[in-house]
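# Overview (structure and organization)
Here is how the chains run, residue by residue.
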Amino acid sequence: MADVSRARFLVTGGAGFIGSHFVHDTLRRYPEARVTVLDKLTYAGNLDNLAELKGDSRFAFVRGDICDREIVRPLVGESDIVVNFAAETHVDRAIGDPGSFVQTDVYGAYILLEAAREAKTSRFLQISTDEVYGEILGDAANEEAPLLPRNPYSASKAGGDRLAYSYHATYGMPVIVTRCSNNYGPRQHPEKLVPLFVTNALDDAPLPVYGTGTNLRDWIHVRDHVSALHAIIETDGLDGHAFNIAGRNEKSVLEITGGILDALGKPRDLVRHVKDRPGHDRRYAIDDSKLRRMTGWKPAHPFESGLRETVLWYRENRDWWEKVKSGVFQDYYRKHYGL
Ligand code: NAD
Ligand code: DAU
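A brief report on the enclosed structure follows. Going along each chain's sequence as written, the residues are numbered from 1 onward. Each chain takes a letter, starting from A, and each ligand takes a number, starting from 1, following the order in which they are written. The predicted origin of the model limits local features to residues at a pLDDT of at least 70 and limits the giving and counting of side-chain atom pairs to 80 or more, whereas totals for whole chains, interfaces and linings rest on all residues. With hydrogens and water stripped out, all remaining heavy atoms of the structure feed into the side-chain values.

## As for the overall build of the protein chain
- Across its full length, the protein chain holds 12 helices and 12 strands.
- Within these notes, the globule rule equals 2.2 Å times the number of residues to the 0.38 power, and the radius of gyration is based on C-alpha atoms. Relative to the 2.2 N^0.38 estimate, which gives 20 Å for 339 residues, the radius of gyration of the protein chain is 19 Å and therefore close to what a compact globule would have.
- With the principal axes as the frame, the protein chain shows a C-alpha extent of 55 × 45 × 35 Å.
- Accessibility here uses a 1.4 Å probe with only protein chains present; expressed as a share of the type maximum, an area under 20% marks a residue as buried, one over 50% as exposed, and anything in between as partly exposed. Expressed as a percentage of its 339 residues, the buried residues of the protein chain come to 56%.
- Should any heavy atoms of two residues lie within 4.5 Å, those residues are counted as being in contact. Counted over contacts in the protein chain with a minimum sequence separation of 6, partners at least 24 positions apart contribute 82%.
- Accessible surface is estimated by sampling points in the Shrake-Rupley manner with a 1.4 Å probe; for residues, cover comes only from the protein chains shown. Accessible area of the protein chain: about 14,200 Å², with a carbon and sulfur share of 50%. What counts as a helix is a DSSP run of H or I of at least four residues, what counts as a strand is a run of E of at least two, and both are numbered from the N terminus.

Encoded structure:
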């Protein structure tokens, strides 16, 4: 087992949804570790997600772009472990603006990898996604399945994923790639299905289901994703590997929608079927038995109680999401949904 209890972590994208959970959990698990967050604070980055750490001497925040070599090099040089969460992450936005996805998700990964190569960083985690396998209509994809991404987000993530692996294969760098399924939990940007539908339902606004609502995803609580990442970081001998991370909770959009409405006691007539997402992948499904076998990890949050608890978090934290949903988000929402 690797001793990371005093490691210096560089967490890119740490002001976002999953990155911020990773930061909090890292400092809870390893009280003597240090964490530096590098985040551009795009529309998706939110310093409120890190507010509890203000004044904590183990924590530092740097506002900057992972594509900026001058900012990245010294930060990587001062770190033992780099965890790259920074990315443009929303499929709908990738359809309208693929360039920013290629820039951050591919070129940004390259800048970080180059800096890590130069600094001889002892561990580099590239946070990829199950979307890189593309639409999976048959058996769940294991890590040997071909990467067949079908939208500019997943294609850019596949670029970052394979680029990271190439630094292991070519330069022997200690790179690990993870591919998780759909996360849910507190502090997720309300452009994504669960927080959008919860917050709309709280305001009795329509829930815009794309097409038939029969598309399938595997859902995992963000805290389980983070615990899987720590299980990987703590295990020796995994360099060069890719790992799927799954919740083993396959649900359709309509099932998720029903769960949210029931948890809030809201009526089904809030559901509004709208024009489908172009190239909408019908199903993602991954086999995570390699991760469970090699690290002993398993998720701790059953889906039904996890979703209920998440719904309640948004009900009780209106301040957090009202800020995020105001201003530019309103313009995006009107333009995108026309509602
Ligand atoms: P998010 O959109 O909530 O956060 C992304 C963060 O990255 C934001 O804080 C943003 O400001 C920052 N960022 C964006 N561009 C940057 C740049 N050029 N330089 C520095 N910072 C930048 O995303 P998330 O849902 O927390 O996802 C985090 C990572 O996990 C991403 O790499 C994503 O592809 C991956 N992932 C997400 C899910 C999911 O269900 N959300 C599932 C699997 C994998
Ligand atoms: O699978 C992992 C991926 O999950 C991550 O890599 C991405 O960063 C993350 O955004 C997520 O991608 P999805 O496209 O699956 O997530 P999203 O929340 O956008 O959509 C989930 C499902 O809900 C999908 O079938 C589309 C549908 N949907 C979504 C929105 C926002 C709707 O029907 N209506 C909506 O308004």
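Right, picking up where we left off after that structure.
## Considering the sheet that holds strand S2 (residues 34–39)
- Strand order in the open sheet made by the seven strands is S3-S2-S1-S4-S5-S6-S10, with parallel pairing throughout. Of all strands in the sheet, those with a lone pairing partner are strand S3 (59–63) and strand S10 (242–245), marking the two edges. Taking the axes of each pair of neighbouring strands and ignoring which way they run, one obtains an average angle of 20° across the sheet.
- In terms of strand pairing, strand S5 (residues 123–129) meets strand S6 (residues 175–180) through six bridges, oriented parallel. By the bridge assignment for S6, threonine 129 is matched with cysteine 180.
- To get an axis, a line is fitted to the C-alpha atoms, and for a helix only the part in contact is used. The angle between two axes follows their N-to-C directions and goes from 0 to 180 degrees. Taken strand by strand, helix H2 (residues 69–77) contacts strand S1 (8–12), S2, S3 and strand S4 (81–84), and its axis lies near 170° from that of S2.
- Those strands touched by helix H7 (residues 222–234) are S1, S4, S5, S6 and S10, and its axis lies near 145° from that of S5. The pairing criterion is simple: DSSP has to find at least two bridges between the two strands.

## A closer look at the site of ligand 2
- Inspection of the region around ligand 2 gives 25 residues, with Asp130, Tyr153, Asn182, Arg277 and Tyr337 positioned closest.
- Separating an oxygen atom of ligand 2 from a side-chain N or O atom of asparagine 182 is a distance of 2.7 Å.
- One nitrogen or oxygen atom from the main chain of tyrosine 210 is found 2.9 Å from an oxygen atom belonging to ligand 2.
- Relative to its unbound accessible area of 690 Å², ligand 2 is 94% covered by the protein chains.
- Secondary structure elements with two or more residues in the shell around ligand 2: helix H6 (193–202) and strand S8 (207–210).
- Classifying every residue of the shell around ligand 2 by side-chain character gives 12 nonpolar, seven polar and six charged. The rule for a residue being near a molecule or strand is that one of its heavy atoms must lie within 4 Å of it. Think of a polar contact as two N or O atoms within 3.5 Å of one another; within protein, one of them needs to be a possible hydrogen donor and the other a possible acceptor, and neighboring residues in sequence only count if both atoms come from side chains. For this scheme, ten residues count as nonpolar: Ala, Val, Leu, Ile, Met, Phe, Trp, Tyr, Cys and Pro. Four count as charged, namely Asp, Glu, Lys and Arg, and the remainder, Gly too, count as polar.

## Quick look at the sheet that holds strand S7 (residues 182–184)
- Taken in spatial order, the three strands make up an open sheet running S7-S9-S11, and their pairing is mixed. What marks the edges here is a single partner per strand, and that holds for S7 and strand S11 (250–252). Ignoring which end each strand starts from, the neighbouring axes of this sheet average 50° apart.
- Bridging between strand S9 (residues 216–221) and S11 involves three bridges; their strand directions are antiparallel. Residue pairing in the sheet places leucine 216 in a bridge with serine 252 of S11.
- On top of the sheet, H7 reaches S7 and S9; it is set at about 70° to S9, its chief contact.

## Some points on the packing of aromatic side chains
- To pair, rings of Phe, Tyr and Trp, with the six-membered ring standing in for Trp, must have centres within 6.5 Å; the planes then decide the type, stacked if under 30 degrees apart, edge-to-face if over 60, and tilted in the middle. Applying the stated criterion across every chain, the model contains 14 aromatic pairs.
- Ring pairing ties together the aromatic residues Tyr210, Phe329, Tyr332, Tyr333 and Tyr337, which thus form one cluster.
- Over a ring means this: the NZ of a Lys or the CZ of an Arg is within 6 Å of the ring centre and within 35 degrees of the ring normal. The lysine or arginine in question, arginine 93, covers the ring of tyrosine 43, its NZ or CZ lying 3.7 Å from the ring centre.
- The side chain of arginine 117 reaches across the aromatic face of tyrosine 171, ending 3.9 Å from its centre.

## A short note on the pairing of S10
- Side chains of S10 alternate between two faces, with Ala242 and Asn244 and Phe243 and Ile245 buried alike.
- Bridge count for S6 against S10 is four bridges, and the pairing is parallel. Bridging across to S10, threonine 178 finds its partner in phenylalanine 243.

## What about the site of ligand 1?
- Ile18, Asp39, Thr89, Tyr153 and Lys157 are the nearest of the 28 residues found near ligand 1.
- At 2.7 Å, a side-chain N or O of lysine 157 approaches an oxygen atom of ligand 1.
- Bound to the protein, ligand 1 loses 97% of the 840 Å² it would expose on its own.
- For the shell around ligand 1, the secondary-structure elements that each account for two or more residues are helix H1 (17–29), S5, helix H5 (152–171) and S7.
- Tallying contributions element by element places S5 first for the shell around ligand 1, with three residues.

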